[in-house]
Every structure is written in C-alpha cells, then in structure tokens.
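Now for the letters of each chain:
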Amino acid sequence: MAYFGLSNPWIAKLDVKNKTYSGGFKNGTAVGTDVTPQYNEANLYGDNVLQESTKEFKYADVTLNTTHMPIEAANVMFGHKVDSDTKEITYNASDAANYVGYGFYASEKIDGKTTYIAAILPKVIFAEAAENYTTKGDSLEFKTPSVSGKAMPLEDGTWKVKKTFETEQEAVAFIKEYLNITDAA
C-alpha cells in the first residue's frame, strides 16, 4: 500500500450514553495525522522457552495537524464557551474535553489504480496543544495547530473503522454519514 493525499478531517461530538454524534464540522484542512496503536502484552515462559504470547489493544495515540482549527473546535472538542456571532471563545479552568468521532480519508495507489480509504476513529479525546506564534523576520514561517489525543474502543470493542471507495465523494459521504454530519455542517 502507498498512501498519499490525506484530506478532510471531520470531527463530531460523541454522546457515549446514546451512541450518537452531533455538532459535526470539517476541522480545517489536513496537514498530517498519526494513529499509533498501543498494546498490552504478556508472555508466558516454560522450560526456558516462550510458550504463549498475547497482545491486546488498549488505545491508540492520535495526532491531528491542520491548517487551522475552526471556532467550533473550541466547544465541540474542548468544551469551551463559544459565541459564534462575536467569535469570542471563553476558556474556563473547569472546561473538560469531550469525546469525539474523528474521520478522514487518504488516497491509496496499488498497481497504478487510485482508491480512497476512509478512516474513522469513533471515540477520541483530544487535548489542546501549545500555541506557537513567531514574528515576521527575514522570511515568513507558517505555524499550524496540532492536537494529540487518545482513541479508545467503544463498548463493543470497535476502535477504528476503514472502508475503501472508488471516489473521494464516496469516502466523504461515508464519513459524514457515520458521524451524523449534515450538508449544512
């Protein structure tokens, strides 16, 4: 497999109790994302030889880097108070991050044929990252926001869903349907 062309990072708030998504939005444009599964492992040795080995998923480290974080992210992802009219965000020490679903797609090329792999992490909690600003100097430098978090399994054990499509539009439609994102979002 050869992935290229990461695109369309979508986020929607997860209501864990009702297993529904709401408040979905496109989270800027994708710069990069990393999903690194972590496992619990155990080995059983007997007679000086490995007899049994097991590895079970525990969570995945997730990093999302976008061109910008829309104002909706402050509320949906991090629980901050947002006034959309005045574009004011109020950060409170008692604000708590929300569980969200995170979806994106990447292009894949196999034997000269391009397909589109939609990936959804149904339950992720992100933490806000440091904000970095630099003055203009002899050259311009872009700074893009990057957040990290943990993807964890739903009650049924599902922690990631992937599906292959022939077109980008089908991949986006799948993500938006899964995360209950309407065309207005």
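Residues numbered from 1 in each chain as written. Predicted model: local features only at pLDDT ≥ 70, side-chain atom pairs only at ≥ 80, totals over all residues. Heavy atoms only, no water.

Q: Quick rundown of the pattern of salt bridges? Include the residues and the values.
A: A full pass over the atoms with the stated rule returns 3 salt bridges. The partner of Lys-150 in a salt bridge is Asp-61, with the nearest N and O atoms 2.7 Å apart. Highlighted residues: Lys-150 in strand 9 (residues 146–151) and Asp-61 in strand 4 (residues 49–66), separated in sequence by 89 residues. The class of Asp-61 is partly exposed, set by a relative accessible area of 26%. (Salt bridge = Lys/Arg side-chain N within 4 Å of Asp/Glu carboxyl O. Helix = DSSP H or I, 4+ residues; strand = E, 2+ residues; numbered from the N terminus. Buried < 20%, exposed > 50% of the residue type's maximum accessible area, 1.4 Å probe, protein only.)

Q: So what's going on with the pairing of strand 3 (residues 30–46)? Which residues, and what values?
A: Taken together, the 16 bridges between strand 3 and strand 4 define a ladder with antiparallel strand orientation. Residue pairing across strands places Gly-46 opposite Val-49, the latter belonging to strand 4. Linking strand 3 back to strand 4 in an antiparallel pair, the connection comprises 2 residues, with Asp-47 at a positive phi of about 50°. (Pairing = 2+ DSSP bridges.)

Q: So what's going on with a nonpolar patch on the surface? Which residues, and what values?
A: On the surface, Tyr-45, Val-49 and Leu-50 cluster together into a nonpolar patch covering about 310 Å² of accessible area. Residue placement: Val-49 occurs in strand 4. Note on Val-49: relative accessible area 46%, which makes it partly exposed. (Patch = residues over 30% accessible without salt bridge, like charges linked within 9 Å, V, L, I, M, F, W, Y side chains within 5 Å. Areas by Shrake-Rupley, 256 points an atom, 1.4 Å probe, with all protein chains shown as cover.)

The values are spatial; any link to function lies outside them.
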